[in-house]
Structure formats: C-alpha cells, structure tokens
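Listed here are the chains, written in short residue letters.
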Amino acid sequence: MPGPLLETLRGANLARRPIWLMRQAGRYLPEYRALRAEKGGFLALVYDSEAAAEITVQPLRRFGFDGAILFSDILIVPYAMGQDLQFLAGEGPHLSPRLLDATLESLTAVPERLAPIYATVARVKAQLSPETTLLGFAGSPWTVATYMVAGEGSRDHHDTRALAYRDPGAFQAIIDAITTVTIEYLSGQVEAGAEGLQLFDSWAGSLAPTEFERWVIAPNAKIAAEMQRRYPHVPVIGFPKGAGEKLAAYARETGVNAVGVDETIDPLWAARELPAGLPVQGNLDPLLLLAGGPELETQTLRVLDAFADRPHVFNLGHGIGQHTPIEHVDALLRVVRGWQRG
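Keep in mind the model is a prediction, meaning the values are calculated, not measured. (Residues numbered from 1 in each chain as written. Predicted model: local features only at pLDDT ≥ 70, side-chain atom pairs only at ≥ 80, totals over all residues. Heavy atoms only, no water.)

Undergrad: Explain the packing of aromatic side chains here, please?
TA: Any aromatic ring pair is given by two values, namely how distant the centres are and how the planes are angled relative to each other. Taken as a whole, this structure holds 11 aromatic pairs when the rule is applied. Seen in terms of ring centroids, Tyr47 and Tyr79 are 5.8 Å apart; in terms of plane orientation they differ by 80 degrees. Their pairing is edge-to-face. In this pair, Tyr47 is assigned in the loop between α3 (42-46) and α4 (49-63) and Tyr79 in helix α5 (residues 76-81), connecting sequence segments 32 residues apart. For Tyr79, a relative accessible area of 15% gives the class buried. Directly above the ring of Tyr79 sits Arg113, whose terminal nitrogen or CZ lies 3.8 Å from the centroid. Between Lys246 and the ring centre of Phe212, over which it is positioned, the NZ or CZ distance is 5.3 Å. (Phe/Tyr/Trp six-rings, centres within 6.5 Å; stacked < 30°, edge-to-face > 60°. Helix = DSSP H or I, 4+ residues; strand = E, 2+ residues; numbered from the N terminus. Buried < 20%, exposed > 50% of the residue type's maximum accessible area, 1.4 Å probe, protein only. Lys NZ or Arg CZ within 6 Å of the ring centre and 35° of its normal.)

Undergrad: How do you make sense of the sheet that holds strand β9 (residues 312-316) when you look at a structure like this?
TA: Within a sheet, adjacent strands bond to each other through the backbone by hydrogen bonds, running parallel or antiparallel. The parallel open sheet is built from seven strands, whose spatial order is β1-β4-β5-β6-β7-β8-β9. Of all the strands in the sheet, just β1 (67-69) and β9 have a single pairing partner and so form its edges. With direction set aside, neighbouring strand axes in the sheet form an average angle of 25 degrees. In the sheet, strand β5 (residues 196-201) pairs with strand β6 (residues 236-240) via five bridges, with the strands oriented parallel. Looking at β6, one finds that Leu199 is bridged to Gly238. (Pairing = 2+ DSSP bridges. Axes fitted to C-alpha atoms, helices over the stretch in contact; angles between N-to-C directions.)

Undergrad: Help me understand the pairing of β5, please; the structure alone is not making it clear to me.
TA: Across a regular strand the side chains alternate sides, sitting on one face of the sheet and then on the other. For β5, a buried count of six out of six residues is recorded, marking the element as mostly surrounded by other parts of the structure. Covered by surrounding structure in β5 are Gly196, Gln198 and Phe200 together with Leu197, Leu199 and Asp201, the residues of both alternating faces. In terms of strand pairing, strand β4 (residues 133-139) meets β5 through five bridges, oriented parallel. Among the inter-strand pairings, Gly139 is bridged to a residue of β5, identified as Phe200. Running through helix α10 (residues 209-230), the crossover from β5 to the neighbouring parallel element β6 is right-handed. (Right-handed = clockwise from strand over helix to strand, strands pointing away.)

Undergrad: What am I meant to see in the packing of helix α2 (residues 30-39) against α4 here?
TA: Angle between the axes and distance between the axes are the two parameters that describe a pair of packed helices. Contact pair α2 / α4: the axes reach a minimum separation of 9 Å and the direction vectors enclose 165 degrees. Considered as vectors, α2 and α4 are oriented roughly antiparallel to each other. Like other packed secondary-structure pairs, α2 and α4 cross with a definite hand, here right-handed. Contacts from Pro30, Glu31, Tyr32, Leu35 and Lys39 of α2 reach α4 at Ala51, Glu54, Ile55, Gln58 and Arg62. Of the residues that constitute the contact of α2 with α4, the class distribution is five nonpolar, one polar and four charged. (Parallel < 35°, antiparallel > 145°, perpendicular 65-115°, else oblique. Left-handed = near helix turned anticlockwise from the far one by under 90°. Contact = heavy atoms within 4.5 Å. Nonpolar A, V, L, I, M, F, W, Y, C, P; charged D, E, K, R; others polar.)

Undergrad: Got a minute to help me understand the side chain of Asn283 in this structure?
TA: Mapping Asn283 onto the fold places it in strand β8 (residues 280-284). Its relative accessible area of 4% is what places Asn283 among the buried residues. A polar atom in the side chain of Asn283 sits 3.1 Å from the backbone oxygen of Asp262. (Polar contact = N/O pair within 3.5 Å; in protein donor to acceptor, adjacent residues only side chain to side chain.)

Undergrad: When you look at unusual backbone geometry in this model, what are you seeing that I'm missing?
TA: Most peptide bonds take the trans configuration, and most residues that are not glycine carry a negative phi. Backbone torsion omega between Ser96 and Pro97 reads -5 degrees, so that peptide bond is classified as cis. Residues Gly282 and Asn283 are joined by a peptide bond in cis, for which omega reads -10 degrees. At Arg23, a position not held by glycine, the phi torsion is positive, near 65 degrees. The residue Arg23 is located in the loop between α1 (4-9) and α2 in this model. Within the chain, His157 stands out as a residue other than glycine whose phi angle is a positive 55 degrees. Looking at the secondary structure, you find His157 in the loop between α7 (141-150) and α8 (158-166).

Undergrad: Help me understand the environment of Leu99, please; the structure alone is not making it clear to me.
TA: Tracing the backbone through its elements, the reader meets Leu99 in the loop between β3 (92-96) and α6 (115-127). In sequence terms Leu99 and Ile183 are 84 residues apart; their C-alpha atoms lie 21 Å from each other. Once residues lying within four places of it in the same chain are set aside, the contact partners of Leu99 are Gln83, Leu104, Leu107, Met148, Val149 and Ile174.

Spelled out as structure tokens, the structure:
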C-alpha cells in the first residue's frame, strides 16, 4: 500500500493530511550542523552519498514526516552539463563559465556527476518504511538557466531575461538542453527508488506573462509529459514560486499531477481557481513557523480548512528557515495531525 503522501499526490482526499516541509533536511537541525562540521562544505556533503542519505532521513527520525526529500541541489544539472560549480561561504553558488561569456556548445558534459545522486536515492529508499514516500527533485529549466547564464544568483535575473528577449533562439537552445538533461536526471532518480518528483521553479515570479508561458509552462509541460509517459505511477509536483495569478494557467497547461502553492497566494483563491480535484501542496509562510505562537496555529488551520475539499499535502510556501526553532515544528505537526475536516 502506498503511504498517505503518495496516495494524496495520486488524487486521494484523505482525512489525515500528509505533511513534509521543503528544506526539512538542513541547517535548522543540530544533527545536520554537526555532520556538516565533520564532513566539510555543502557540495562535499551532496557528493558523499552516505552523508547525503543520512541528512535526508534525519528529519524523519525526529518528526516522522510523511515524505523524505532528497538532499541535493538544483545546480547538479548544470554541473553535469559541464559548468564548474562552487559554493562559497557567504556568497552562494557560482557557476563557470557563465553563458553570458561562453556558448552552450563550449561545455563538455560530465554525466557521471549524476551517479552519486542516484546512489543517495538508493541508500535512502533502503532505509524508509513503505508508509514514507521518497521524493526526488530537479530545478525547472527557467530557474536553472538563470544560474547558468549569470553564473550566480541575482535579485531580478536581469541578464537572463535580457538574453531571452535579445536572442530567444539561443535562449531556447539553453532551455531545451536543460530540459533534456533534467528528464534523464529525474528518470535516474526514479530508477534508483524515487516515488514522486518535484520541479522547483524558484524564480518563476520574475517573468512577464508571455515569457512565463514560454520559459516556465512550456518546458515544465514537456518534462511532466515525458515523466508521465515513462513512469505513469510516479506523480510530478510543479512548484512555480511567485507565479501569482499565473498559477491557474500553470496548473491547467503543464499537466503536472500536483501544484505547490507559495505563501503569497491566498489559499481560498487557490482552492477556487485551480482545477477541481487537482492535489495542492502548501502554503504556510515559513516566517510563521519561525515566529511561532498562537498565529502559527490560526494560519495553519486556515490553510487546512481552505483546501478541505481537495487532495492536500501540507507544506510551507517555500523552504524552512535555518533559524526555525525545533519546538515550532513540533507545534505545527500537532496542529496538522490533529485537524479534522469539518
């Protein structure tokens, strides 16, 4: 029997809402900080399959979440495509050569850089009970492209958006290349044991509506369709952070099995405007979890009640903050697990 998370992603409207949290494996946990201090930098952890598997299961031991999310990073794809990847303390990720200065054709693919990630998935799967769903993931092509073009993160993705306007043909080639590698990368995760997949489009909100259609909806639809063709039993969650009112079109046109809703979306609007019966995931503000107190319970119940009439996976609207107190996560779990549909 599938666990409650997998059942929900497949369309079941369960009385008990499954819960997992984006970035649940990470810096807010003392056991993670201890392991990172022992092992070294972030990329070293990702490529140490034994350590990455341990980090993936740490929050399950502590909280008993219904899902495990692979400990890795969305920039593994450009790393496998041939860019050099570094995570510098206090500066975030750096990719080189950036595609503002180099052509896509100048990169030499290194597909073996994906193999340790598959090993992590297999290690985690071997440790999980049947009730706990293992989620793999990848960055969506637009978000990955913003890093590949600029070589680092940015606030408004000026360089990438300008390139897409200036030379849409060249930018389409970048998106297509990322899409192709992402499909194979996700397939490798499924073959290694992933039971569900999430596409993170963290910077979808920076695009105008017509560009959103071309650079977010179209490539995600291609990925979702191919994954569903290859693995019809493996649901795909699409998470276009910042999509706003464009979320409804994303849900209709990408064909994903479930949609992640960020904290800027009114859950009542989402419940009304998203396709009937489509599973949703979200959407508590991570800062509420950081702050705690009575408002945490109030807003958690508001989210649960808003999505009572459709399949719903409780989650945050984005990743859990590194300074979030452990006891606030415990409090959240008590509310979610104690909720009953009215």
